[in-house]
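# Observations on the three-dimensional arrangement
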Amino acid sequence: MNTRETDGTSTHHVVVLGAGYAGMAAAVQLAARAGQQKGLTVTLVNAQDSFTERLRLHMTATGQEPAELSIPEVLEGTGARFVRGWVTAVDADTRTVRIDDERVLHYDTLVYGLGGVADTAAVPGVEDHAYTLSGPEEARSMADRLARLGSGTVVVVGSGLTGVESAAEIAERHPQLDVVLVGRQEPGASLNPKAQAHLRSALDRLGVRVRGGEQVVKVLPGSVELAGGESVAAEVVLWTGGTRVSPLAAEAGLRVDERGRILTDTALRSESHPDVYAVGDAAAVRQGYGVLHGTCQSGMPTGVHAAVSIVRTLRGRQPKPFRFGYYHTPVSLGRNDAVVQFTRPDDSPRRICLTGRAAARYKEAVSASPWPTYGRMKKMPASGAFWPRGGRFTRLRTAR
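Keep in mind it's a predicted model, so treat the numbers as computed, not measured.

### Comments concerning the overall build of the chain
Check the secondary structure of the chain and you find 11 helices and 29 strands. Counting all 400 residues of the chain, 53% fall into the buried class. A fraction of 62% describes how many contacts in the chain between residues 6 or more apart in sequence connect residues 24 or more apart.

### Some thoughts on the nonpolar core
Counting residues in each nonpolar core, the largest one holds 60 residues, and the members touching the most others are L17, L30, V87, V97, L110 and Y112. The element that contributes the greatest number of residues to this core is helix α1 (residues 21-34), accounting for nine residues. Setting aside residues up to four positions removed in sequence, L110 forms contacts with V15, L17, V90, V97, D275, V276 and Y277. Counting residues in hydrophobic clusters, the runner-up holds 30 residues, among them L146, L177, A202 and L333.

### Here we look at the sheet that holds strand β26 (residues 338-343)
One open sheet accounts for three strands, arranged β25-β26-β27; its pairing is antiparallel. Where the open sheet ends on each side, the last strands, each with one partner, are β25 (328-332) and β27 (349-355). Strand-to-strand twist of the sheet, defined as the mean angle between neighbouring strand axes without regard to direction, takes the value 15°. Relative to β26, β25 runs antiparallel, the two sharing five bridges. Paired with V331 across the strands is V339, a residue of β26.

### Regarding the packing of aromatic side chains
Under the defined criterion, the tally for this structure stands at six aromatic pairs. Their ring planes at 85° and their centres at 5.1 Å tell us that Y21 and F51 sit as a pair that is edge-to-face. Of this pair, Y21 sits in helix α1 while F51 sits in strand β4 (residues 50-51), and the two are 30 residues apart along the sequence. Summarising the burial analysis for this pair, Y21 and F51 share the class buried. By way of ring pairs, the aromatic residues Y289, F322, F324 and Y326 are connected into one cluster.

### Observations regarding the sheet that holds strand β12 (residues 153-157)
Taken in spatial order, the four strands line up as β14-β13-β12-β18 in an open sheet, and their pairing is parallel. The open sheet has two edge strands, β14 (209-212) and β18 (236-239), and neither has a second partner. Sheet twist, expressed as the average angle between the axes of neighbouring strands with direction ignored, equals 15°. Packed onto the sheet, helix α6 (residues 161-173) meets β12, β13 (178-183) and β18 and runs at close to 175° relative to β13.

### Quick word on the pattern of salt bridges
Under the defined criterion, the tally for this structure stands at 19 salt bridges. E271 is paired through a salt bridge with R286; the nearest N and O atoms lie 2.7 Å apart. Placement of the pair is E271 in the loop between β20 (262-263) and β21 (276-278) and R286 in strand β23 (residues 286-287), with a sequence separation of 15 residues. When its relative accessible area of 44% is taken as the criterion, R286 is described as partly exposed. Shared partners join several salt bridges into a network, and the residues in it are E53, R56 and E364.

### Thoughts on the packing of α1 against helix α9 (residues 296-314)
Where α1 meets α9, the closest approach of the two axes is 7 Å, and the angle between their N-to-C directions is 30°. Between α1 and α9 lies a crossing of right-handed hand. Residues Y21, A22, A25, A26, Q29, L30 and R33 of α1 lie in contact with α9, whose contacting residues are C296, G299, M300, T302, G303, V304, A307, V308, I310 and V311. Counted by class, the contact of α1 with α9 contains 12 nonpolar, four polar and one charged residues.

### Quick word on the environment of P345
Along the chain, P345 turns up in the loop between β26 and β27. For the pair P345 and G325, spaced 20 residues apart in the sequence, the C-alpha separation amounts to 3.8 Å.

### Observations regarding α6
Along its 13 residues, α6 runs 18 Å from first to last C-alpha, staying within 8% of the 18 Å computed at 1.5 Å per residue. Those residues of α6 lying buried are G163, V164, E165, S166, A167, A168, E169, I170 and A171.

### Regarding the packing of α6 against helix α7 (residues 193-206)
Following both chains from N to C, one finds α6 and α7 inclined at 30°, their axes separated by 9 Å at the closest point. The angle between the axes of α6 and α7 places the two elements in the roughly parallel class. The crossing of α6 and α7 is left-handed. Contact residues: α6 offers V164, A168, A171 and E172, while α7 offers L199, L203 and L206. Residue classes in the contact of α6 with α7 are distributed as six nonpolar, no polar and one charged.

### Focus on a positive patch on the surface
A surface patch of like charges, here positive, comprises R315, R317, K320 and R323. Checked against the element boundaries, K320 lands in the loop between α9 and β25. The partly exposed category is assigned to K320, whose relative accessible area is 48%.

### Some details on the confidence of the model for the chain
A low pLDDT score tells you not to read the predicted coordinates there in detail. This prediction gives the chain a mean pLDDT of 89; 90% of its residues lie at or above 70. Under a pLDDT of 50 for its full length, residues 373-400 has, in the predicted model, 81 contacts with residues more than four places off or in other chains.

### Looking at the pairing of strand β3 (residues 40-46)
The buried count for β3 comes to six of seven residues, which makes it a mostly enclosed element. Where β3 and strand β6 (residues 81-84) come together, four bridges link them in parallel fashion. If you follow L44 over to β6, its bridge partner there is F82.

Calculation criteria
Residues numbered from 1 in each chain as written. Predicted model: local features only at pLDDT ≥ 70, side-chain atom pairs only at ≥ 80, totals over all residues. Heavy atoms only, no water. Helix = DSSP H or I, 4+ residues; strand = E, 2+ residues; numbered from the N terminus. Buried < 20%, exposed > 50% of the residue type's maximum accessible area, 1.4 Å probe, protein only. Contact = heavy atoms within 4.5 Å. Core = buried A, V, L, I, M, F, W, Y, C linked by side-chain atoms within 4.5 Å. Pairing = 2+ DSSP bridges. Axes fitted to C-alpha atoms, helices over the stretch in contact; angles between N-to-C directions. Phe/Tyr/Trp six-rings, centres within 6.5 Å; stacked < 30°, edge-to-face > 60°. Salt bridge = Lys/Arg side-chain N within 4 Å of Asp/Glu carboxyl O. Left-handed = near helix turned anticlockwise from the far one by under 90°. Nonpolar A, V, L, I, M, F, W, Y, C, P; charged D, E, K, R; others polar. Expected span 1.5 Å × (residues − 1). Parallel < 35°, antiparallel > 145°, perpendicular 65-115°, else oblique. Patch = residues over 30% accessible without salt bridge, like charges linked within 9 Å, V, L, I, M, F, W, Y side chains within 5 Å. Areas by Shrake-Rupley, 256 points an atom, 1.4 Å probe, with all protein chains shown as cover. Lys, Arg positive; Asp, Glu negative; His and termini not counted. Charge placed at Lys NZ, Arg CZ, Asp CG, Glu CD. pLDDT = per-residue confidence, 0-100.

Set out below in structure tokens:
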């Protein structure tokens, strides 16, 4: 790995792009070690200075405001630098990153964590007529619209877990509204029969009308059009039907898959540019059971592993292969109900699950306070895959 001379001192500059779950995990781990690793400097780049809890955006979309987490405050005292701005270009040959088309950052190692956003281009009308949960501003805009609706229909498109959580939250917070959940699959299709039955029962209790086995082919002002030609009237449409990643990686010449995700080796380095680590939704991370799908459950461990690998390499050691196994699938069904499906490492459902209030408490515990204070950063584990549990990182079961 290259180093540079600054005032006679050898330095190695790591730039982390994106402060989502994966990027923040990488930055926090690197910051915790910057004081121990001589010559290591860290810069985190993000468009906003607050961390977006994507797990809670369905709450923001119904007028609830989760606690704001300041990125500069998380990094305060670590020596890591925070740069606010939009990444507009990456030049993998010159090892530079352009910010807001005005500033240029040089790096020795890049951690690329520019994650996914809602895919609004796949279906006509989504960009113009549907809300998404790509960020807090979009979610707040939808919350304002829902608050002004005395009655009417809200169509949530996408019967995956984000769609289910959103439909349940809207129905609970706005019982005067008719909520319709439309998707190609039945809600909870990946869960075991008991968990799926509880999920459907909760949606029924909340008055959510489910239209499984349906495909939305067009979004219009005031309705959605289904593949069979039927139209469903809607005052508000929330689109949760798929995500896409930034094209910047492909434009930079990094080797990517058909979805634009960076192809990585076993240590999460770019196959074409080993001085670039890819983490979270931006990476096509292969395991024995397939490619990881985008969740913070798998994203945060990729960030941790990239950070640890960078430090290992600076110390003249080889990075270890990344290994990860899924542990659970928590699904909120309003504020006091949930399903937690425990899974095998390949994410297939086990027989055991939690439902009801116990599941809701469990889900809140594992998603609370994901980032430690600086004092606790220095005591964080040095290797392996970790998940925030009540504000502390604990080792996940990994695939063998």
